[in-house]
Amino acid sequence: MARQTGRRGHRPSTGIANRPRFWGRHAVTAALANPARTVRKIWGTHEALRQLDVEIDPTIPVTFADAADLGRLVPGDAPHQGLVIDVDPLEDIWLGDLLQQGEGDQRPLIILDQVTDPHNVGAILRSAAAFDALGIVTQDRHSPPESGTVARAASGALETVPWVRVVNLARALEEIAEAGFWRIGLTGHAEQTLGQTMGNQRIAIVLGAEGEGMRANTETHCDELARLPISDKVESLNVSNAAAIALYAVAART
């Protein structure tokens, strides 16, 4: 991803100290194909490595292993599909840089308020890639780090969708508004539906954690609150499902 020489706007969080370990064909292939990602070591079965459709940098150490040995490198019964890698976390992205990259287009933003489950964040990254979102924004202390679980759920999108971590989400939402985005917070207690609040503006969708929802301070930094028009038979949707539906609604605007 191209980065600006002069840093501006809301600063990113400090880097993650731990080195993530990824597994599974999609996560591993995407990481190897990402020029911004540093891969430190590869373990794999002969068959899985032979079937990779991406060239491996000859400077990366490769260890051949059987499936049982690989299973001991990953949590529990994680589906490694014969491939495991150690990587460095991606470089922090500045919110101002991301907003500048989105100038002149209608790509939506996703802002997550204390969504901490790595499966949900990974699934939201995957939906963000599917609907060509500009990126996702999370608060650094209340979101999961890069991990094999996130990468697996994202199915490669961790390498392609910009993920901005910020210290203060309220200030980040102010900067997002200054960049011309209409900030819509999804909540079940809103009177209007998402379709009624979108218009033709550039959209930033704000979602809170399951159960608690958005914090009150986050709601006050939204321009509108909206709900998805779901049946009374269901109290709420999983946050990753809600994000996918909201992204589709933005993409399908006429």
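Owing to the predicted nature of the structure, the values given are computational and were not obtained by experimental measurement.

## Let's talk about helix H7 (residues 169–178)
Among the residues of H7, Leu169, Ala170, Ala172, Leu173, Glu175 and Ile176 are the ones counted as buried. The backbone nitrogen of Ala170 has a side-chain oxygen 3.0 Å away, supplied by the residue at the start of H7, namely Asn168. Positive backbone phi, at 100°, marks Gly180, one or two positions downstream of H7.

## What to know about the pattern of salt bridges
Evaluated as defined, the whole model comprises nine salt bridges. Linking Asp88 and Arg19 is a salt bridge whose minimum nitrogen-to-oxygen distance equals 3.1 Å. Taken as a pair, Asp88 in the loop between strand E4 (83–87) and helix H4 (95–101) and Arg19 in the segment before strand E1 (21–23) lie far apart in primary sequence, 69 residues in all. Among the residues examined, Asp88 registers a relative accessible area of 17% and is labelled buried. Owing to a relative accessible area of 47%, Arg19 belongs among the partly exposed residues under this scheme. Two residues, Asp86 and Arg21, come together in a salt bridge whose shortest N-O distance is 2.7 Å.

## What about the pairing of E4?
The buried fraction of E4 is high, at five of five residues. By the alternation rule, side chains of E4 split into Leu83, Ile85 and Val87 and Val84 and Asp86, which are all buried. The sheet contact formed by E1 and E4 spans three bridges and is antiparallel. Across the sheet, the residue bridging to Phe22 is Ile85, located in E4. Here strand E2 (residues 39–44) pairs with E4 via five bridges, running antiparallel. Each bridged residue has a counterpart across the sheet, and for Gly44 the counterpart in E4 is Leu83.

## Quick notes on the pairing of E2
Note that E2 and strand E3 (residues 62–64) share three bridges and pair parallel. Its bridge partner lying in E3, Gly44 is registered against Phe64.

## Focus: the packing of aromatic side chains
Under the definition given, this model contains one aromatic pair. The side chain of Arg165 reaches across the aromatic face of Trp163, ending 3.9 Å from its centre.

Conventions and cut-offs
Residues numbered from 1 in each chain as written. Predicted model: local features only at pLDDT ≥ 70, side-chain atom pairs only at ≥ 80, totals over all residues. Heavy atoms only, no water. Buried < 20%, exposed > 50% of the residue type's maximum accessible area, 1.4 Å probe, protein only. Helix = DSSP H or I, 4+ residues; strand = E, 2+ residues; numbered from the N terminus. Polar contact = N/O pair within 3.5 Å; in protein donor to acceptor, adjacent residues only side chain to side chain. Salt bridge = Lys/Arg side-chain N within 4 Å of Asp/Glu carboxyl O. Pairing = 2+ DSSP bridges. Phe/Tyr/Trp six-rings, centres within 6.5 Å; stacked < 30°, edge-to-face > 60°. Lys NZ or Arg CZ within 6 Å of the ring centre and 35° of its normal.

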